[in-house]
Amino acid sequence: MNKLKAIQAGAGGFGNAWLNAMKEHPDGKVIALVDTNKETLHRQAACYGIEKNHCYTSLSEALEKEKADILINVTPPQFHKEVCLQAFEAGLHVITEKPLADTMESAQEIVKEAEKKKKKIMVSQNYRFTPWAWTLKDILAKKTAGRTGYVNVLFQKGPKFGGFREEMPYPLLIDMSIHHFDLMRFFLNSDPVEVYTKSYKPDWSWFKGDPSVNLIFVFKNGVVCSYNASWVAGGIETTWNGEWRFDCSSGTLLSRDDRIFLGSGTEKIEEIKLQSFNLTGQQYTFHEMAQALREKREPETNAKDNLKSLGMVFAAIESAKKHRVVKCA
Ligand SMILES: NC(=O)c1ccc[n+]([C@@H]2O[C@H](COP(=O)([O-])OP(=O)(O)OC[C@H]3O[C@@H](n4cnc5c(N)ncnc54)[C@H](O)[C@@H]3O)[C@@H](O)[C@H]2O)c1
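Bear in mind the structure is a predicted one, so any value in this text is a computation, not a measurement.

Asker: In this structure, what is going on with helix 7 (residues 171–188)? I would like to understand it.
Answerer: In an α-helix, one full turn covers 3.6 residues, which means residues spaced three or four apart are oriented alike. Spanning 18 residues, helix 7 covers 25 Å between terminal C-alpha atoms, matching the ideal 26 Å at 1.5 Å per step. Its axis deflected by about 60° at Ser-177, helix 7 carries its strongest bend there. Of all 18 residues making up helix 7, 18 are buried, and the element is well covered by its neighbours. Following helix 7 by one or two positions, Asn-189 has its phi on the positive side, about 50°.

Asker: Honestly, the domain arrangement of the chain in this entry has me stumped. Any pointers?
Answerer: How big an interface is tends to be stated in terms of accessible area lost as the parts join. The domain boundaries assigned to the chain delineate domain 1 (4–119) and domain 2 (128–277 + 311–327). A separation of 29 Å is found between the C-alpha centroids of domain 1 and domain 2. For the pair domain 1 and domain 2, the summed buried surface comes to about 660 Å²; carbon and sulfur atoms form 74% of the total. In terms of surface lost to domain 2, no three residues of domain 1 exceed Lys-98, Pro-99 and Met-104, which account for 60% of the buried area on that side. One can count one salt bridge joining domain 1 with domain 2. The partner of Lys-98 in a salt bridge is Asp-175, and the shortest N-O contact between them spans 3.5 Å. Where domain 1 touches domain 2, the interface holds one residue pair in polar contact (both at pLDDT 80 or more).

Asker: I'm lost on helix 8 (residues 281–295) in this one. Help?
Answerer: Helix length check: helix 8, at 15 residues, gives a terminal C-alpha distance of 21 Å against a target of 21 Å (1.5 Å per residue), a fit within 8%. For helix 8, every residue scored as buried is listed here: Gly-281, Gln-282, Tyr-284, Thr-285, Phe-286, Glu-288, Met-289, Ala-290, Ala-292 and Leu-293.

Asker: Looking at this structure, how should I read the pairing of strand 4 (residues 70–73)?
Answerer: Taken residue by residue, a regular strand's side chains alternate between the two faces of the sheet. Alternating residues of strand 4 divide into Ile-70 and Ile-72 and Leu-71 and Asn-73, and every residue in both groups is buried. Inspection of the sheet shows strand 4 paired to strand 5 (residues 93–97) by four bridges, in the parallel sense. Directly across from Leu-71, in strand 5, lies its bridge partner Val-94. For the crossover from strand 4 across helix 4 (residues 80–89) to strand 5, the handedness is right-handed.

Asker: Is there a simple way to think about the sheet that holds strand 5 in this case?
Answerer: By definition, the strands of a sheet pair up through backbone hydrogen bonds, in either a parallel or an antiparallel sense. Strands sit in the order 3-2-1-4-5-6 across an open sheet of six strands; the sheet is parallel. Pairing within the sheet leaves two strands with one partner each, and these edge strands are strand 3 (55–56) and strand 6 (121–124).

Asker: Just to check I follow, could you spell out the sheet that holds strand 9 (residues 212–219) for this structure?
Answerer: Reading across from one edge, 14-13-12-11-7-10-9-8-15 is the order of the nine strands in this open sheet, with mixed pairing throughout. Strands at the two margins of the open sheet, each flanked by one partner only, are strand 14 (270–272) and strand 15 (326–327). Those strands touched by helix 6 (residues 131–142) are strand 7 (148–156), strand 11 (243–248), strand 12 (251–256), strand 13 (259–263) and strand 14, and its axis lies near 175° from that of strand 12. The sheet contacts of helix 9 (residues 303–322) involve strand 8 (192–200), strand 9 and strand 15, and relative to strand 8 the element is tilted by about 55°.

Asker: Can you walk me through the packing of aromatic side chains in this structure?
Answerer: By convention here, two paired aromatic rings are described through the distance between centres and the angle between planes. This model, assessed by the stated rule, comprises 18 aromatic pairs. Residues Phe-161 and Trp-240 carry aromatic rings whose centres are separated by 6.5 Å and whose planes lie at 40° to one another, so their mutual orientation is tilted. With a gap of 79 residues between them, Phe-161 in the loop between strand 7 and helix 7 and Trp-240 in the loop between strand 10 (224–230) and strand 11 connect regions that are remote in the sequence. Classification of Trp-240 as partly exposed rests on a relative accessible area of 33%. Clustering of aromatic rings is evident, with ring pairs tying together Phe-155, Phe-161, Trp-206, Phe-207, Trp-231 and Trp-240. Here the guanidinium or amino end of Lys-137 rests over the ring plane of Phe-186, the centre of that ring lying 4.8 Å away. The side chain of Lys-160 reaches across the aromatic face of Trp-206, ending 4.4 Å from its centre.

Asker: Whenever I open this one, the environment of Asn-126 confuses me. Can you help?
Answerer: For Asn-126, the position within the fold is in the loop between strand 6 and helix 6. Note on Asn-126: relative accessible area 10%, which makes it buried. A sequence separation of 92 residues divides Asn-126 from Val-218, and the C-alpha atoms of the two residues are 24 Å apart.

Rules used throughout
- Residues numbered from 1 in each chain as written.
- Predicted model: local features only at pLDDT ≥ 70, side-chain atom pairs only at ≥ 80, totals over all residues.
- Heavy atoms only, no water.
- Helix = DSSP H or I, 4+ residues; strand = E, 2+ residues; numbered from the N terminus.
- Expected span 1.5 Å × (residues − 1).
- Bend = angle between axes of the 7 residues up to and from the residue.
- Buried < 20%, exposed > 50% of the residue type's maximum accessible area, 1.4 Å probe, protein only.
- Domains from an automatic or database assignment.
- Buried area = accessible area lost by both parts, 1.4 Å probe.
- Salt bridge = Lys/Arg side-chain N within 4 Å of Asp/Glu carboxyl O.
- Polar contact = N/O pair within 3.5 Å; in protein donor to acceptor, adjacent residues only side chain to side chain.
- Pairing = 2+ DSSP bridges.
- Right-handed = clockwise from strand over helix to strand, strands pointing away.
- Contact = heavy atoms within 4.5 Å.
- Axes fitted to C-alpha atoms, helices over the stretch in contact; angles between N-to-C directions.
- Phe/Tyr/Trp six-rings, centres within 6.5 Å; stacked < 30°, edge-to-face > 60°.
- Lys NZ or Arg CZ within 6 Å of the ring centre and 35° of its normal.

Take a look at the structure:
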């Protein structure tokens, strides 16, 4: 099959990661680049060999002039709805960066429009698409440590991003925790029913909004998952995946520093070797979308399914605001 032709909107920090991932991709090629910042646009285009006549500061002009199959949306969350809707209108499928949108209403509108225009949209929940996540998922599915009873997740980092994240009201929950919440659904193969959140801002925080939360989700399968996370941790940090501890009916599964350990209480703790895969991260996202288009099926982490992960974010925020338990949709 011919490679899919992609227009990429957004060439900033993570746009760079996408351009890199698409450099030698077996399923597709970025044929045009869009960024509202001229300097970023031309700097990135030059790095990745995209010619000037395929560079645009206006998405509508790019959609008018380029013949493409798919749009890769790597703009900040507040622009996701307008960018996705323009792409559908022009007849393109979309891969969008997480979070699907900055509000639940916008996310629902994106899903509705995609259905109306019969276009596919996948959210790049790339934290699922790693040897670490696939290995953990496999051990949990095989019940090697028995039935999962409760889960503790610890995420502690102190990044100084600058830019849009430092202005958002709930930067950690909206821009970061979406990955961890989506992983909870992936690992537990279940959806949450309720959440209780304490959201806060330590006094040394450099974010306008709350960069820290302690919360508890209860899942349909009865599993209780507690999540303690912060973006203003100093000194000792976890990895971006965080530390995960699954306590199960006949043992414990622990992931620390992205290494996975299995302990049964009586035998020696065993380190599990990570499985290896050809394509991971954004490269896998694009491959999965291309496969879904070939096979005329919905891709994994399609936007409709992703509403449940994004719903966890907004239920957690509502709980933080109301100081009470909130049901998840
Ligand atoms: N999956 C991951 O692990 C991961 C990691 C980092 C960022 N992200 C996501 O990627 C997206 C972008 O984040 P970033 O860190 O690259 O932000 P950024 O601010 O570094 O870059 C965004 C770029 O988009 C451009 N832009 C803004 N509006 C635009 C529009 N309407 N059309 C075209 N270009 C536009 C800006 O000029 C900027 O160059 C966000 O949704 C973020 O959450 C995902």
